[in-house]
There are 4 protein chains.
Amino acid sequence: MVSEKNQEGKEMGKVRVGVSGYGVIGQRLADGVAKQEDMELVGVADVAPTLAVRALYEKGMPYNLYLASDENRAKFDELGIPVSGTLEDLVKSVDIMLDAAPNGIGAKNKPLYEKHGVKAIFQGGEKNEIADAFFHGYANFDNGVGKDYLKLTSCNTTGLIRAVDCIDKLVGVEKVAITIIRRVADPGDYHRGLTNALQVDKAPSHQALDLMTIMPHVDATGILVHTPVTHGHIITVVATPKKEISKEEMLAAFKKHPRIRVVRLEDGFLGNASLFRYARDLGNVRGDMYEIAVWEETVVHSGKDIMFAINIPQEAVVIPENMDAIRAALNMNGSQEKALELTNKYLGMKAR
Amino acid sequence: MVSEKNQEGKEMGKVRVGVSGYGVIGQRLADGVAKQEDMELVGVADVAPTLAVRALYEKGMPYNLYLASDENRAKFDELGIPVSGTLEDLVKSVDIMLDAAPNGIGAKNKPLYEKHGVKAIFQGGEKNEIADAFFHGYANFDNGVGKDYLKLTSCNTTGLIRAVDCIDKLVGVEKVAITIIRRVADPGDYHRGLTNALQVDKAPSHQALDLMTIMPHVDATGILVHTPVTHGHIITVVATPKKEISKEEMLAAFKKHPRIRVVRLEDGFLGNASLFRYARDLGNVRGDMYEIAVWEETVVHSGKDIMFAINIPQEAVVIPENMDAIRAALNMNGSQEKALELTNKYLGMKAR
Amino acid sequence: MVSEKNQEGKEMGKVRVGVSGYGVIGQRLADGVAKQEDMELVGVADVAPTLAVRALYEKGMPYNLYLASDENRAKFDELGIPVSGTLEDLVKSVDIMLDAAPNGIGAKNKPLYEKHGVKAIFQGGEKNEIADAFFHGYANFDNGVGKDYLKLTSCNTTGLIRAVDCIDKLVGVEKVAITIIRRVADPGDYHRGLTNALQVDKAPSHQALDLMTIMPHVDATGILVHTPVTHGHIITVVATPKKEISKEEMLAAFKKHPRIRVVRLEDGFLGNASLFRYARDLGNVRGDMYEIAVWEETVVHSGKDIMFAINIPQEAVVIPENMDAIRAALNMNGSQEKALELTNKYLGMKAR
Amino acid sequence: MVSEKNQEGKEMGKVRVGVSGYGVIGQRLADGVAKQEDMELVGVADVAPTLAVRALYEKGMPYNLYLASDENRAKFDELGIPVSGTLEDLVKSVDIMLDAAPNGIGAKNKPLYEKHGVKAIFQGGEKNEIADAFFHGYANFDNGVGKDYLKLTSCNTTGLIRAVDCIDKLVGVEKVAITIIRRVADPGDYHRGLTNALQVDKAPSHQALDLMTIMPHVDATGILVHTPVTHGHIITVVATPKKEISKEEMLAAFKKHPRIRVVRLEDGFLGNASLFRYARDLGNVRGDMYEIAVWEETVVHSGKDIMFAINIPQEAVVIPENMDAIRAALNMNGSQEKALELTNKYLGMKAR
């Protein structure tokens, strides 16, 4: 289904990718694609001169910008921000779109992708019906191979599945009961927030239900509580393994996982904000971190069950699995193993 | 061991009680005692003209004030705050002391209580060795009967045990795995706080360990995460009952419990802050609530395990169990049943 | 224009008052009226069984409840909450309405008040056109005398005017430049909030403009910044007096004002949260405080200008001026002096 | 006083710089020096394998690390972090030290600098006595020329002086009255914080007093209120100019200033958190911003006075003035104008 239009990219062995929606996730998807040596970022599309677009302009337009709607064209002109064309122009120039438009807009964009025979990856905010498969790079890669439309899990579910799948690969998992201590807004959000309040959601949380669509052999439930912070969700997981597993075995498996970072309170990683500070100090763009973290000192047993706490860096955690999804949908690398290896390599993730 | 000195109170059938430490807990203990028709609050003791003491003065000194140290006597005089005597004067006038002095001061006060043959109840911040028994009104009342020195559990543990004991009485409990989403400071605290950060503690949390000292037949573990809010801890509990229990049975048992309030998201109880607002709107002094709350919509199953979320109003939750402890230590009412009935009645707690 | 219908109340010399909207402000208006010995609270009206209404019910219905809309009548019946009639029934039974319905609903209610010849006091959220005069008990009482419809200033403006009017009465005020450090939500609010962000508003803030409608001889401007807290706004005021004034004179004037409380950092009043805690410890219902506070240690000079910081307890601060407004509109007490004296006495406010 | 030891650097025309204390400020000073083409960063010194040091190691040691104390040498060895020597080794290899050690440690380090005849720049946390002059690149550059020891102002004062000096250069400033809405902790801080509270400081704030040490002809006062946020202080300034100035003139002057960024609410810069997000999206390391920002819509007049709000990015704002201080102390560039031009150029700051 991939068209022949991408001549230059093809010669270079590169898949051409577009990003729709240049917000919190879209910006990071664009950066992620730009790091994949076998992909070419053709451009990004948005509707208005948001702060993210203004920053792109102030940086000197490292990415081409396309207009997802004509409504604000005059504003772009007034600001002198160069525009490379319309969203449709972008779609026509790529092999696959990463759709990170606001919730529900992906469904409106899909006919355009269909019209031009372009595959697409949608994010967690879209309805499941939009896609041929619900996808996770580690847990069900093969379900995505060759598919036209994939939907990724949301940030919490993506990170959670990494950990649960890691146990599952080791000893099998029967069930999990999770408590999501959710950050309520991203840094810089002014349209949502909580002030001095914890907010409880109806159980089971959608993350538990979503996990079961990706890992149908696991029984999952959970409770989500929103908290007034911005730097990462923390999830406690009570997992019932099929076979008992020691704390040491558990930690060894987590440490071997390229997308899981084992950290210690003792070293100064006291919570979600320590991880954000550390990622800033690493010099990571935007202070982002692709890995989830597990706190070593939280791993305990409850009878046969194993319990631990993980950190989900909500702004960046889904980027690797999106790269995996491109690889699966376009069957770029022949196998899950090779696909994950390349994503991890290009994004700088490795066992530590 | 109770002395004969309390002549007036005795004639009236009233036990004479003193409170050491007039802070967040001490103020509420004093109010709690004042509501018990079979107890007399002889007075409260503190060391300095804190805001709490100034408020007592502005209210017209409804309680007698004793000086726990002579250091600041001049300040009290300057402010015109009447002082009824020293801490030792207070101790000599009572049958039992409720010690709510800052952590570690209780241990320093104990010799004074011993000197005058006065029983005492210590709070969760003291070390376990201070007391003859670790006490909870519902879960191990009989352990406290006739004892000289009891130690209460901390706020989280006290509330948690109410819920776990409720299940235990119904079908038995094998183990629990808890996640404590802890409020990090009380309203008005300036000496501690978190800003935009979640902080993880080493597991298992002390609350899980403390639960096992009160309920030794239950295997408990848990993870605690501090959050930047002030109006109540939220705990998620994953409990493994000895016998399966339906959501309806669970809720029915909680609703029958005088110290547990079942609330619904649907009715507007969206989190810990809704409960605080509700208690303020009830006209409760300080907006306090003695009951823990369970959110009906959070009760779910994880296999045979049952999972739910409770709210712990940290400032007031331990007051009822302190009243129970007085009743146990002085064997005031002949039975646990009668003792709990009176505490609940005088504090206005009932099945709803 | 006051009708003759209020026979019982009249004989008792009491003015009959109704409250429309039983939310954060409405509840406190009802309590405030109930404390005025020369007023009778006929009832309160709301549209749904909110938490506030449920609390009223749990307290045993100290106030009669009327339905402002028939939409949710079945829910009230289901919950067993007794209803005394419709909003119109309430309006017909009173001399004056305090309208604390959500912003904009007051304008919809006004025709009902007009139909029944009932006066009304509207809150700061309504448009200025709704009223015959914009009212403040201290700064422009006479403007409200005998008027049918008055609009009160919002919480920040009400408190600010107390302080500015206090200086104005002393030495005259030429201009003020204010910085409002605004609490963004009330305790228990889940529909609005900020998380780890300060939000700047377009200047001049409406509070400065509103001040000039009440005190037209003062030139006022200001900047407002929203902050993620719930317990009281803090305003810094830079006031240019007509005549120089010393710190001591300023403090003496504030201390004599029954609605201004001078507090000290040194005594433990460290910020807005200390004042909330203190009001809770005073035993004030809901932990409310009617007075604004001035921090003694913040009073400084900038050349001839005087600068200081005040605290505005946003939930309760407007209640006294609402009582004043009833007194003015109905010309109950013959003079501003007598009216303020009675409001202050019944609400327990006095020079300290 | 600069020794001859820096042979290699000298040949290259580079001044050799060391940084003591690799914390929030020290890391950014190191990065700032590394960007100055006429300076060489010899290394950084710290005492323990903090998260910042671990991040340096994970990045591959772009900077040489020296040990400020031998106490933790074993930990560095265990972690495999290469150490280039002691703090004294570092001092011996440089022309000037930037001391960003915790408050008070600078005073302990000074004898070492004196011993080796090395100049040093201290930060705002040290006492004024430590230095020969209190320095600001724009407001009093000449005071620092050729001096051995300079002390920089703290973050708030540094940013504030940029704005006040800008007005002063334009029309002269008589006095300023400031309100500092202070962020209470940096992102990732767990050792300090406020939760749901505003905290008031004794007035006048030290920032106003410090401003007067740099700009003695200006009368300054102010009130500081701490707020529970992490992404930048906001200061409102009421300035009395010597000559009236229009909003347009004021904005034009701010726009021409390379270290002041004029932003608009209308464009989406809603508060301090928008600026942090924008800096992250710019790809700035750590999401840092060197410029203060002025909100265009906050510039208003209060009579002849001009009032406006500025944002102070507390982690990075002092870096430019530190680079200026090196240039002044070593008299590197012959004039203030040339020195500022180079600092601005190397840090990417320009009029916008």
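Residues numbered from 1 in each chain as written. Chains lettered and ligands numbered in written order. Predicted model: local features only at pLDDT ≥ 70, side-chain atom pairs only at ≥ 80, totals over all residues. Heavy atoms only, no water.

1. Topic: the overall build of chain A
So, step 1. The number of helices and strands found in chain A is 13 helices and 16 strands.
So, step 2. By its C-alpha atoms, chain A is 60 × 45 × 35 Å across when sized along the principal axes.
So, step 3. Each of the 352 residues in chain A was classed as buried or not, and the buried ones make up 67%.
So, step 4. Considering only contacts within chain A whose residues lie at least 6 apart along the sequence, 71% involve residues at least 24 apart. (Helix = DSSP H or I, 4+ residues; strand = E, 2+ residues; numbered from the N terminus. Buried < 20%, exposed > 50% of the residue type's maximum accessible area, 1.4 Å probe, protein only. Contact = heavy atoms within 4.5 Å.)

2. Describing the sheet that holds strand β2 (residues 39-46) of chain B
All names here are of chain B.
So, step 1. Taken in spatial order, the eight strands of this open sheet run β4-β3-β2-β1-β5-β6-β8-β7, and their pairing is parallel. Two strands close off the open sheet at either side, each with one partner strand: β4 (85-86) and β7 (133-135).
So, step 2. Direction of pairing for β7 relative to strand β8 (residues 149-152): parallel, over a ladder of three bridges. Paired with phenylalanine 135 across the two strands is leucine 152, which belongs to β8.
So, step 3. The sheet contacts of helix α2 (residues 24-35) involve β1 (15-20), β2 and β5 (96-99), and relative to β2 the element is tilted by about 160 degrees. (Pairing = 2+ DSSP bridges. Axes fitted to C-alpha atoms, helices over the stretch in contact; angles between N-to-C directions.)

3. A word on the domain arrangement of chain A
Residues and elements named next belong to chain A.
So, step 1. You can read the domains of chain A as domain 1 (15-153 + 318-347) and domain 2 (155-312).
So, step 2. Computed from C-alpha atoms alone, the centre-to-centre distance between domain 1 and domain 2 is 26 Å.
So, step 3. Opposite the 24 residues of domain 1 that make contact, domain 2 presents 19 residues.
So, step 4. Carbon and sulfur atoms make up 53% of the surface buried where domain 1 meets domain 2, a total of about 1,800 Å² over both sides.
So, step 5. Run the count over domain 1 and domain 2 and you get five salt bridges.
So, step 6. Here aspartate 288 ties to arginine 28 by a salt bridge, and the two come within 2.7 Å at their closest N and O atoms.
So, step 7. If you look at where domain 1 meets domain 2, you find eleven residue pairs in polar contact (both at pLDDT 80 or more).
So, step 8. In terms of residue count, helix α2 (residues 24-35) provides more of the side of domain 1 that touches domain 2 than any other element does, six residues in total. (Domains from an automatic or database assignment. Buried area = accessible area lost by both parts, 1.4 Å probe. Salt bridge = Lys/Arg side-chain N within 4 Å of Asp/Glu carboxyl O. Polar contact = N/O pair within 3.5 Å; in protein donor to acceptor, adjacent residues only side chain to side chain.)

4. Focus: helix α6 (residues 105-115) of chain D
Residues and elements named next belong to chain D.
So, step 1. Of the positions making up α6, those classed as buried are Gly106, Asn109, Lys110, Leu112 and Tyr113.
So, step 2. The secondary structure elements touched by the buried residues of α6 are β1 (15-20), α5 (87-92), β5 (96-99), β6 (119-122) and β8 (149-152).
So, step 3. Just downstream of α6 lies glycine 117, where phi reads positive at about 60 degrees.

5. Topic: the interface of chain A and chain B
So, step 1. On the chain B side, the residues contacting the 45 residues of chain A number 45 residues.
So, step 2. Summing both sides of the interface, chain A and chain B together bury roughly 3,400 Å²; the carbon and sulfur share of this comes to 68%.
So, step 3. Considering only the surface of chain A that becomes buried against chain B, Asn196, Leu198 and Val200 of chain A emerge as the three largest contributors, covering 19% of it.
So, step 4. Note that lysine 175 of chain A is salt-bridged to aspartate 305 of chain B, the shortest N-O span being 3.2 Å.

6. Re the UniProt feature "domain: Glyceraldehyde 3-phosphate dehydrogenase NAD(P) binding" (unreviewed entry) in chain A
So, step 1. Taking the UniProt record as the reference, the feature "domain: Glyceraldehyde 3-phosphate dehydrogenase NAD(P) binding" (unreviewed entry) is found at residues 15-155 of chain A.
So, step 2. The span residues 15-155 of chain A carries 35% helix and 24% strand; its end-to-end C-alpha distance comes to 25 Å. (UniProt positions renumbered as here; feature names shortened; annotations may be inferred.)

7. Digging into the interface of chain C and chain D
So, step 1. Listed as interface residues are 45 residues of chain C and, on the opposing side, 45 residues of chain D.
So, step 2. Of all residues in chain C, Asn196, Leu198 and Val200 of chain C give up the largest surface area on contact with chain D, accounting jointly for 19% of the area buried on that side.
So, step 3. Here chain C and chain D share two salt bridges between them.
So, step 4. Linking chain C with chain D are 16 residue pairs in polar contact (both at pLDDT 80 or more), by the criterion used here.
So, step 5. When residues of the side of chain C that touches chain D are traced back to their parent elements, those giving at least two are β9 (173-183), β10 (199-200), β11 (219-227), β12 (233-241), α11 (272-281), β15 (300-302) and β16 (305-312) of chain C.
So, step 6. Split into classes, the residues belonging to the side of chain C that touches chain D amount to 23 nonpolar, 16 polar and six charged. (Nonpolar A, V, L, I, M, F, W, Y, C, P; charged D, E, K, R; others polar.)

8. Details of the UniProt feature "active site" (unreviewed entry) in chain A
Residues and elements named next belong to chain A.
So, step 1. In this numbering, the UniProt entry assigns the feature "active site" (unreviewed entry) to Cys155.
So, step 2. The topology assignment puts cysteine 155 in helix α8 (residues 155-171).
So, step 3. Judged by its relative accessible area of 17%, cysteine 155 is buried.
So, step 4. If we skip the residues at most four places from it in the chain, cysteine 155 touches His233, Ile312, Gln314, Val317 and Val318.

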